[in-house]
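Architecture at a glance
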Amino acid sequence: MSRLHFIVLTLVFCIACFISFQPTAGAASQTAAIGIVLDGLPLTTDVPPLARNGRVYLPFRVLAEAMNITVSWDPATRTVHARDGGTALELAVGRPTAVKNGSPVPLDAPPLAAAGRTLLPLRFFGEAFGAQVQWDPATGSVRVFSPPRVIPVTGFYALGDSRTSSWEDLFDHPYPQTARGRTDLCGELALGWYSLDAGGNLLTQSTTGWRRPDGWENVLQAAEKYDLRTAMVVHVTDADGGLSRLLGDPGAVDHAVQAIAAEARQYQGINLDFEGLGWREEGAALAATRAGFTAFVTQLAERLEASGLELTLTLHAPNSAYRGYDYRALSELADRIIVMAYDYGPRPEPADRVLEAVQMAAREVPPEKLVLGISVPNETPESILTKVGIAKRCRLGGIALWRLGLLSDEMWQTLGRTIAPRPAAGPPPVQK
């Protein structure tokens, strides 16, 4: 054999080996570590995912619990039972047929046992419950997108300009025309129209830019037309110490509570957005700030209870620089707490910090009472998917978007892929 022939044969052999070891869609290398990413968040497993025969296997509880799917294990028959809504699934180790809603479904990759765990074929299990499963060759990981779920969405409605109109973003028409628009996704409006001064006077014009617009009654009428709940937002910051002075003055507190309760009769609820409390405070000073805010909320909650109005608190995250909020005490008073898990510095907001904020809050507040606040200007369409994924995984009571008018069409499309339309979406759309 000539030297040239030898070199050619060697090259052919190397190319063939290289091709044979490349992962295909939905598969991975036998030796490389495989990552599993659900809605942009990595899944941690005690047993690493396994690639075998062109398929990726995963311990069955890991994905199921992350997607809030109820699972159980029958050791006698070595069968996994999984249920979510109207879907029931059974898979047995080594059995080439699954049972979905009572009907057999052939498997090209049956479950297997390895390292003391039962591993399920990832793609089949995920897609059986409506998830999308994709192989990402760039990162050597499998990306899973959970199926759309109905999640309560609160949209902050505040003044913008001709390009960032909350009205047009929501109703998809110039003011005052309406259509169903995005009301199938957004079910509540947090109307950023009010503030307070240090004397407890309720303001519809404030120095922070929060003000009630002309024609505000049209917003309430449109909300009723499309079955949108409304909450009056009372926004106050402690930038100049005005909020601290208000909370420290019993007369001003009483005056503010009475004014808020009287105005709230036009809405279904109140949303207190008192920002900046506890900055750089420690010890007794921090305790006093927390007690002052809790006392204000207590007094307001007592006034609202007889009226049947909901009370929502929009609070800085527990891992923020503003620690003047006693989450545990406030949880006993409020119907919901919106966690402002943003303004950490980097953009998009770091998912690990957002997840940490939610987990810290959930140690003090039942998860179903928590709403994840998302700052739209700090996010991208892809990162918004991750933030909604955190709300899903942690079983929160919804998300809140700051604010309507700032979402791009791509962001709305992303939300539509991960959030199912709410059951009551209002009247049919306007015919064009």
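Let us look at the structure shown here. Keep in mind the model is a prediction, meaning the values are calculated, not measured. (Residues numbered from 1 in each chain as written. Predicted model: local features only at pLDDT ≥ 70, side-chain atom pairs only at ≥ 80, totals over all residues. Heavy atoms only, no water.)

1. Some thoughts on the packing of helix 11 (residues 381-393) against helix 12 (residues 409-418)
Across the interface, helix 11 lies against helix 12 with an axial gap of 9 Å and an inter-helix angle of 30 degrees. The orientation of helix 11 relative to helix 12 falls into the category roughly parallel. Note on packing geometry: the crossing formed by helix 11 with helix 12 is right-handed. Residues Pro381, Ile384, Leu385, Val388 and Lys392 of helix 11 touch helix 12, and the partners they reach there are Glu410, Met411, Thr414, Leu415 and Thr418. Per-class residue counts for the contact of helix 11 with helix 12 are six nonpolar, two polar and two charged. (Axes fitted to C-alpha atoms, helices over the stretch in contact; angles between N-to-C directions. Helix = DSSP H or I, 4+ residues; strand = E, 2+ residues; numbered from the N terminus. Parallel < 35°, antiparallel > 145°, perpendicular 65-115°, else oblique. Left-handed = near helix turned anticlockwise from the far one by under 90°. Contact = heavy atoms within 4.5 Å. Nonpolar A, V, L, I, M, F, W, Y, C, P; charged D, E, K, R; others polar.)

2. A word on the sheet that holds strand 11 (residues 117-121)
Taken in spatial order, the four strands make up an open sheet running 3-4-11-10, and their pairing is antiparallel. The two strands at the open ends of the sheet, each matched to only one other strand, are strand 3 (50-52) and strand 10 (112-114). Averaged over all pairs of adjacent strands, the angle between strand axes in this sheet comes to 40 degrees, irrespective of strand direction. Note that strand 10 and strand 11 share three bridges and pair antiparallel. In the sheet register, Ala114 faces strand 11, and the bridge partner there is Arg117. (Pairing = 2+ DSSP bridges.)

3. Quick word on the side chain of Thr118
Along the chain, Thr118 turns up in strand 11. Here Thr118 is in contact with Leu58, Pro59, Phe60, Trp73, Val80, Val93 and Leu112, once residues within four sequence places are set aside.

4. Details of the pattern of salt bridges
Taken as a whole and assessed by the stated rule, the structure comprises 18 salt bridges. Between Glu65 and Arg61 there is a salt bridge, with its nearest N and O atoms 3.9 Å apart. Residue Glu65 and its partner Arg61 are both found in helix 2 (residues 60-66); the two are separated by four residues, about one turn of the helix. Taking relative accessible area as the criterion, Glu65 reaches 45% and is therefore assigned partly exposed. By relative accessible area, Arg61 is classed as partly exposed at 35%. Among the salt bridges present, the one from Glu263 reaches Arg212, with a minimum N-O distance of 3.1 Å. On the criterion of sequence distance, the pair formed by Glu263 in helix 7 (residues 250-263) and Arg212 in the loop between strand 16 (202-203) and helix 5 (216-225) is long-range, its members being 51 residues apart. (Salt bridge = Lys/Arg side-chain N within 4 Å of Asp/Glu carboxyl O. Buried < 20%, exposed > 50% of the residue type's maximum accessible area, 1.4 Å probe, protein only.)

5. So, the environment of Leu43
As for its position among the elements, Leu43 is in the loop between strand 2 (41-42) and strand 3. C-alpha separation for the pair Leu43 and Ala66, spaced 23 residues apart in sequence, amounts to 8.1 Å. Ignoring any residue separated from it by four or fewer positions in sequence, one finds Leu43 in contact with Ile36, Leu38, Val62, Leu63, Ala66 and Arg393.

6. Regarding the environment of Gly276
Mapped onto the secondary structure, Gly276 falls in the loop between strand 18 (269-275) and helix 8 (283-305). The exposure class of Gly276 is buried, given its relative accessible area of 16%. Measuring from C-alpha to C-alpha, the distance between Gly276 and Pro49 comes to 45 Å, with 227 residues separating the pair along the chain. Once residues within four sequence positions are removed from consideration, Gly276 is found in contact with Asp238, His316, Tyr322 and Tyr325.

7. Observations regarding helix 7
For helix 7, built from 14 residues, the straight-helix expectation of 20 Å at 1.5 Å per residue is met to within 8% by its first-to-last C-alpha distance of 20 Å. Every buried residue belonging to helix 7 is among Ala252, Val253, Ala256, Val257, Ile260, Ala261 and Glu263, and all of these are buried. Projected onto a plane normal to the axis of helix 7, the buried residues spread over an arc of 165 degrees and lie on a single side. On its buried face, helix 7 is in contact with strand 15 (188-196), strand 16, strand 17 (229-237), helix 6 (242-247), strand 18 and helix 8. Among the residues of helix 7, the N-terminal cap falls to Asp249, whose side-chain oxygen and the backbone nitrogen of Gly251 are separated by 3.0 Å. (Expected span 1.5 Å × (residues − 1). Arc of directions from axis to C-beta. Polar contact = N/O pair within 3.5 Å; in protein donor to acceptor, adjacent residues only side chain to side chain.)

8. Some points on the side chain of Glu379
Among the secondary structure elements, Glu379 is positioned in the loop between strand 21 (370-375) and helix 11. A polar contact is formed between the side chain of Glu379 and the side chain of Lys387, at a distance of 3.1 Å. Aside from chain neighbours lying at most four places away, what touches Glu379 is Pro348, Glu349, Ile374, Ile384, Lys387 and Met411.

9. Describing unusual backbone geometry
Cis geometry is found at the peptide bond from Arg347 to Pro348, where omega equals -5 degrees. Examined against the element boundaries, Pro348 turns out to sit in the loop between strand 20 (336-340) and helix 10 (351-362). Cis peptide bonds are those with omega within 30 degrees of zero, and the linkage from Trp402 to Arg403 qualifies with -5 degrees. With respect to the helices and strands, the residue Arg403 is situated in the loop between strand 22 (399-402) and helix 12. We note that Arg78 has phi near 50 degrees; this positive angle belongs to a residue other than glycine. Secondary-structure assignment places Arg78 in the loop between strand 5 (70-74) and strand 6 (79-84).

10. Regarding the sheet that holds strand 13 (residues 141-145)
Pairing within the open sheet is mixed, and its four strands lie in the order 2-1-13-12. Every interior strand has two partners, whereas the edge strands, strand 2 and strand 12 (132-136), have only one. The pairing of strand 12 with strand 13 spans five bridges and is classified as antiparallel. Opposite Asp136, over in strand 13, you have Ser141 as the bridge partner.

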